[in-house]
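Observations on the model geometry
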Amino acid sequence: MKVIKNCRLVSALTEGFYEEYGDVYVEDGRIRAVVPAGSEGIKTEADEVIDAEGKTLIPGLFEMHAHLYGFIFNPYELQCMTAGKIIFGALDFANEYLRQGFTTIRDCGSSYNCAASIRDAISEGIIKGPRIVSCGLIVTPTETGNDTFSDLYAEADGPEEMRKVCRRELQKGNDFIKLMVSGAFMNEGAEPGIQIAEPEEIEAAVAAARRKSTYVCAHCHGTESIKAAIRAGVRTVEHGTFIDDEGISMLKNSDYTYLVPTGAVGLYCLDESNPDVSAELLEKSKAAAEIEIANINKAYEAGLKLGFGSDIDLAALRAHPGYEFIARKEYYNFDDLDILLQATKNSAEIMGFGDSLGTIREGKIADLVLVDGKPDEDIYVMTKPPVMVMKEGEVLI
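Rules behind the numbers
Residues numbered from 1 in each chain as written. Predicted model: local features only at pLDDT ≥ 70, side-chain atom pairs only at ≥ 80, totals over all residues. Heavy atoms only, no water. Core = buried A, V, L, I, M, F, W, Y, C linked by side-chain atoms within 4.5 Å. Buried < 20%, exposed > 50% of the residue type's maximum accessible area, 1.4 Å probe, protein only. Contact = heavy atoms within 4.5 Å. Helix = DSSP H or I, 4+ residues; strand = E, 2+ residues; numbered from the N terminus. Pairing = 2+ DSSP bridges. Polar contact = N/O pair within 3.5 Å; in protein donor to acceptor, adjacent residues only side chain to side chain. Salt bridge = Lys/Arg side-chain N within 4 Å of Asp/Glu carboxyl O. Axes fitted to C-alpha atoms, helices over the stretch in contact; angles between N-to-C directions. Phe/Tyr/Trp six-rings, centres within 6.5 Å; stacked < 30°, edge-to-face > 60°. Lys NZ or Arg CZ within 6 Å of the ring centre and 35° of its normal. Expected span 1.5 Å × (residues − 1).

Below, the discussion takes up the nonpolar core. Formed by 101 residues in total, the largest nonpolar core has its most connected members in I58, L68, Y97 and F325. In this structure I58 touches V10, L13, L340, I360, D367, L368, V369, V371, P375 and M382, once residues within four positions along its chain are discounted. In terms of nonpolar packing, the next biggest core, distinct from the first, is built from 17 residues, I4, V26, V34 and A366 among them.

Right, let's get into the pairing of strand β2 (residues 21-27). For β2, a buried count of 5 out of 7 residues is recorded, marking the element as mostly surrounded by other parts of the structure. With 5 bridges joining them, strand β1 (residues 2-9) and β2 adopt antiparallel strand pairing. Each residue of the ladder has a partner; that of K2, found in β2, is V26. Where β2 meets strand β3 (residues 30-36), 6 bridges bridge the pair, whose relative direction is antiparallel. Within β3, the residue paired with E27 across the bridge is R30. Where β2 hands over to β3, the hairpin turn is made up of 2 residues, of which D28 adopts a positive phi near 55°.

Put simply, side chains in a regular strand alternate between the two faces of the sheet. Residues L368 and L370 line one face of strand β15 (residues 368-371) and the alternating positions V369 and V371 line the opposite face, and both faces are buried. Sheet topology places strand β5 (residues 56-59) next to β15; 4 bridges connect them, and they run antiparallel. Counterpart to T56 in the pairing with β15 is V371. Pairing of β15 with strand β16 (residues 388-391) involves 3 bridges; the strand directions are antiparallel. Looking at the pairing, V369 lines up with V389 of β16.

This part covers the side chain of N146. Along the chain, the position of N146 falls in the loop between β9 (138-140) and β10 (153-155). Assessed through its relative accessible area of 5%, N146 is described here as buried. Among the polar contacts made by the side chain of N146, one reaches the main-chain carbonyl oxygen of P141 at a distance of 3.1 Å. If sequence neighbours within four positions are ignored, N146 has contacts with T140, P141, Y153, E155 and N187.

What follows concerns the pattern of salt bridges. A full pass over the atoms with the stated rule returns 30 salt bridges. In this structure, the salt-bridge partner of R106 is E238, at a minimum N-O distance of 2.7 Å. With R106 in strand β7 (residues 102-107) and E238 in strand β13 (residues 236-239), this pair connects stretches of sequence that are 132 residues apart. The salt bridge involving E224 is made with K227; its shortest N-O contact spans 3.4 Å. Residue E224 and its partner K227 are both found in helix α6 (residues 223-232); the two are separated by 3 residues, about one turn of the helix. Using a relative accessible area of 3% as the deciding quantity, one classes K227 as buried. Shared partners join several salt bridges into a network, and the residues in it are R8, E20, D376 and E377.

Reading across the sheet, the 3 strands line up as β6-β7-β8 and stay open at both edges, with parallel pairing between neighbours. Two strands in the sheet have a free side with no partner beyond their single neighbour: β6 (61-66) and β8 (131-134). Averaged over all pairs of adjacent strands, the angle between strand axes in this sheet comes to 15°, irrespective of strand direction. With 4 bridges connecting them, β6 and β7 associate as parallel partners. Counterpart to L61 in the pairing with β7 is F102. Contacts from helix α3 (residues 114-123) reach β7 and β8, with the element oriented near 145° to β8.

Throughout the structure, instances matching the rule amount to 13 aromatic pairs. Summarising the aromatic geometry, the rings of F102 and F325 are spaced 6.4 Å apart at their centres and angled 40° between planes, so their arrangement reads as tilted. Residue F102 is found in strand β7, and its partner F325 is found in helix α11 (residues 323-331); the two are separated by 223 residues along the sequence. Owing to a relative accessible area of 4%, F102 belongs among the buried residues under this scheme. With a centroid separation of 5.2 Å and an interplanar angle of 45°, the aromatic rings of Y331 and Y332 are classed as tilted. Residue Y331 shares its accessibility class with Y332, and that shared class is buried. Taken together, the ring pairs in this structure connect F93, Y97, F102, F308 and F325 into an aromatic cluster. For R210, the ring lying beneath its charged end belongs to Y256, and the centroid distance is 5.3 Å.

Bringing helix α2 (residues 83-99) into the picture now. Taking 1.5 Å per residue, 17 residues should reach 24 Å; α2 reaches 24 Å between its end C-alpha atoms and fits that length. Residues of α2 that are buried: I86, G89, A90, L91, F93, A94, N95, E96, Y97 and L98. Downstream of α2 by a residue or two, G101 has a phi angle that is positive, lying close to 100°.

Right, let's talk about the environment of P159 for a bit. Structurally, P159 can be placed in helix α4 (residues 158-171). The sequence separation of P159 and P199 amounts to 40 residues, and the corresponding C-alpha distance is 9.4 Å. Setting aside its immediate chain neighbours within four residues, P159 contacts E200, E201 and A204.

Shown next, in the form of structure tokens:
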């Protein structure tokens, strides 16, 4: 039994407890009780007492759009690396996320099935790390620019091939399907705004995923690709750069599909001093930035439940701790508490973990992060290293 005493708690992230300060008891990897600070609490004696000294305790953070194999930005250099180097680089990336308070990571495409391998090693207790949800290779129609990430894509054209390739990625033990529905900014020669997957191909991928009780996460920048993905029944629309009013309305009226903006990668690709950003990528990013900001802010103002994803590499995460928090404050224009909700409660619910993660409540898994400050009032608190990171009741940081 552990007790974290004298915690400041955020009411929007703490269920069934309405005081500002509390003591949180943890036993067998779960939250046993949340009681007023300094009260008698539960009668079982704690084996370990952690004094939070009034710092803020929040649920473990979620990263819904990672590429753990991408521990460097250069895709061609990654293609030349061995499987072993990729796996160890991906593990380093995963643990950097953990050091910044992210206890759950959804990997949206990695080579050598490295994310699933690391996931399994963590689950089996061989190594320590965050909780990982993996898709394996990214499924894509044949398209201009695919060679930029040739080790990352599994090409499929037509519904039959689409079903086959999706089934193969799930056969490898992956948790969901990632599908390219539009072009991509980082693919050389590609047009991000165009739809590259036919409706019947998207539907085939969704059907294959649902047969295995899982879902499709859809890469969508283009206006029509976003709407086609929503109609086909994908779980998440990633990026959403050119979403229009109709697309926002479709998401608003859906009880299944959600938008996951990725502001940090947008900021990163606008950095003219970044040697990894090609002239083509910089030009595409500059042309789209104002449009994206306006569209994502409009989606936010419409009241959409947004997931939290960044789509950045390891160097960017290390150079800019809390990069997506900064992006949602400065690149977009979100309120501090809403950003915090997106990184915890919203993402947990979108990923299907709402009953066990995402808020602090008796009976939930004890993924907990202690931070020095009040992130619900000042989101820049999330750019500083957390004081403590607990996953399933074990203090890892």
